[in-house]
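Structural features, examined
The residues making up each chain are set out below.
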Amino acid sequence: MKLYGAIASPYVARVVMYAKIKGIDLPLMEAPGGIKSPEYLKLNPIGKMPTLDLNGQGLGESTIICDYLEDAYPQKSGLPTQPLERARSRLIARIMDLYIVQHVSPLFRQMNPAKRDQAVVEAAAKEITKAYGYAEHAMGSGPFCVGNTPTLGDCALSTGTMMMKKILGAGNFGITDPTDSGRLATWWKAMEKHPDCGPILQAYGTAFDGFMKAMAARQ
């Protein structure tokens, strides 16, 4: 079993972190020939990363991969014990995918102040604040999303949050980071300090910095 993808992707980083908190040895490798190569598309015809390679059987989509890891390796769960808390953790991951990323990603195309559409920036700022409010509302007792240890929701929210922080910092948009105060700030500090999650967040952040520089050089 191995994972194909690049740590510069928040979705790849999510799976890497989830495997880590579950104690699973999951090697991360570059996609054979690239994600649009015939070899890779045989495993994952969607042509995106990550893909979990299970002895030649490919499984795509980060949340589904995490679900597989949870089912296949139940010895150490990556979800809380109680059903409601498990649902809260999954909900936070869902909020990241449906309500946060879709408003952070457009800012990546607004990096150049000379070409910036301020209306897009202002709309994104409003929606990002709202969406992080949804995540905060779903959180239970801390310091992590739903308890004393990181779970699926933490893996999804933290990698997406690192992407947001990098984009906000590089773009200098004047958008307030929702994780700078309150419950979300407590959560973020706990993630940064966690012995398993913190190093993965830093590795992802460094890789994403490199990705942004490479994209800027193409413009």
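Residues numbered from 1 in each chain as written. Predicted model: local features only at pLDDT ≥ 70, side-chain atom pairs only at ≥ 80, totals over all residues. Heavy atoms only, no water.

Moving on, we get to the sheet that holds strand E3 (residues 51-54). Pairing within the open sheet is mixed, and its four strands lie in the order E2-E1-E3-E4. Lying at the two open borders of the sheet, with one neighbouring strand each, are strand E2 (28-29) and strand E4 (57-60). Two elements, strand E1 (residues 2-4) and E2, share two bridges in a ladder whose sense is parallel. Directly across from Tyr-4, in E2, lies its bridge partner Met-29. (Pairing = 2+ DSSP bridges. Helix = DSSP H or I, 4+ residues; strand = E, 2+ residues; numbered from the N terminus.)

Formed by 58 residues in total, the largest nonpolar core has its most connected members in Leu-69, Leu-107, Leu-157 and Ile-167. Mapped onto this core, the elements with two or more residues apiece are helix H1 (10-22), helix H3 (62-72), helix H4 (83-104), helix H5 (118-138), helix H6 (152-171), helix H7 (182-193) and helix H8 (197-218). When neighbours within four sequence positions are excluded, Leu-107 is seen to be in contact with Val-121, Ala-124, Ile-128, Ile-167, Leu-168, Phe-173 and Ile-175. (Core = buried A, V, L, I, M, F, W, Y, C linked by side-chain atoms within 4.5 Å. Buried < 20%, exposed > 50% of the residue type's maximum accessible area, 1.4 Å probe, protein only. Contact = heavy atoms within 4.5 Å.)

To continue, consider the packing of H4 against H6. Packing of H4 against H6 brings their axes to within 7 Å, and their N-to-C directions diverge by 20°. Classified by the angle their axes make, H4 and H6 are roughly parallel. For the crossing formed where H4 meets H6, the hand is left-handed. Mapping the contact onto sequence places Ser-89, Arg-90, Ile-92, Ala-93, Met-96, Ile-100, Val-101 and Val-104 in H4 and Leu-152, Gly-153, Ala-156, Leu-157, Gly-160, Thr-161, Met-163, Met-164 and Ile-167 in H6. Grouping the amino acids of the contact of H4 with H6 by side-chain chemistry returns 12 nonpolar, four polar and one charged. (Axes fitted to C-alpha atoms, helices over the stretch in contact; angles between N-to-C directions. Parallel < 35°, antiparallel > 145°, perpendicular 65-115°, else oblique. Left-handed = near helix turned anticlockwise from the far one by under 90°. Nonpolar A, V, L, I, M, F, W, Y, C, P; charged D, E, K, R; others polar.)

What follows is about H6. Between its terminal C-alpha atoms H6 stretches 29 Å, which fits the 28 Å expected from 20 residues at 1.5 Å a residue. Across the 20 residues of H6, 16 count as buried, placing the element largely inside the fold. Asn-172 sits one or two positions beyond H6 and adopts a positive phi of about 50°. (Expected span 1.5 Å × (residues − 1).)

Under the 1.5 Å per step criterion, the end-to-end length of H7 is 17 Å for 12 residues, consistent within 8% with the ideal 16 Å. Among the residues making up H7, those that are buried are Arg-183, Leu-184, Ala-185, Trp-187, Trp-188, Ala-190 and Met-191. Tucked inside the fold, the buried residues of H7 contact H1, H5, H6 and H8.

Right, let's get into empty space enclosed by the protein. This structure, assessed with the given rule, holds one cavity of 30 Å³ or more. Empty space within the largest cavity amounts to approximately 40 Å³. Every residue along the wall of the largest cavity is listed here: Pro-10, Tyr-11, Arg-14, Met-96, Asp-97, Val-101, Ala-156, Thr-159 and Gly-160. Listed by contribution, the elements that provide at least two residues to the lining of the largest cavity are H1, H4 and H6. A breakdown of the residues in the lining of the largest cavity according to their chemical character gives five nonpolar, two polar and two charged. (1 Å grid on protein atoms, 1.4 Å probe; cavity = no way out; pocket = protein on both sides within 12 Å on 5 of 7 lines; lining within 4 Å. Points joined across faces, edges and corners; volume = space filled by probe spheres on them.)

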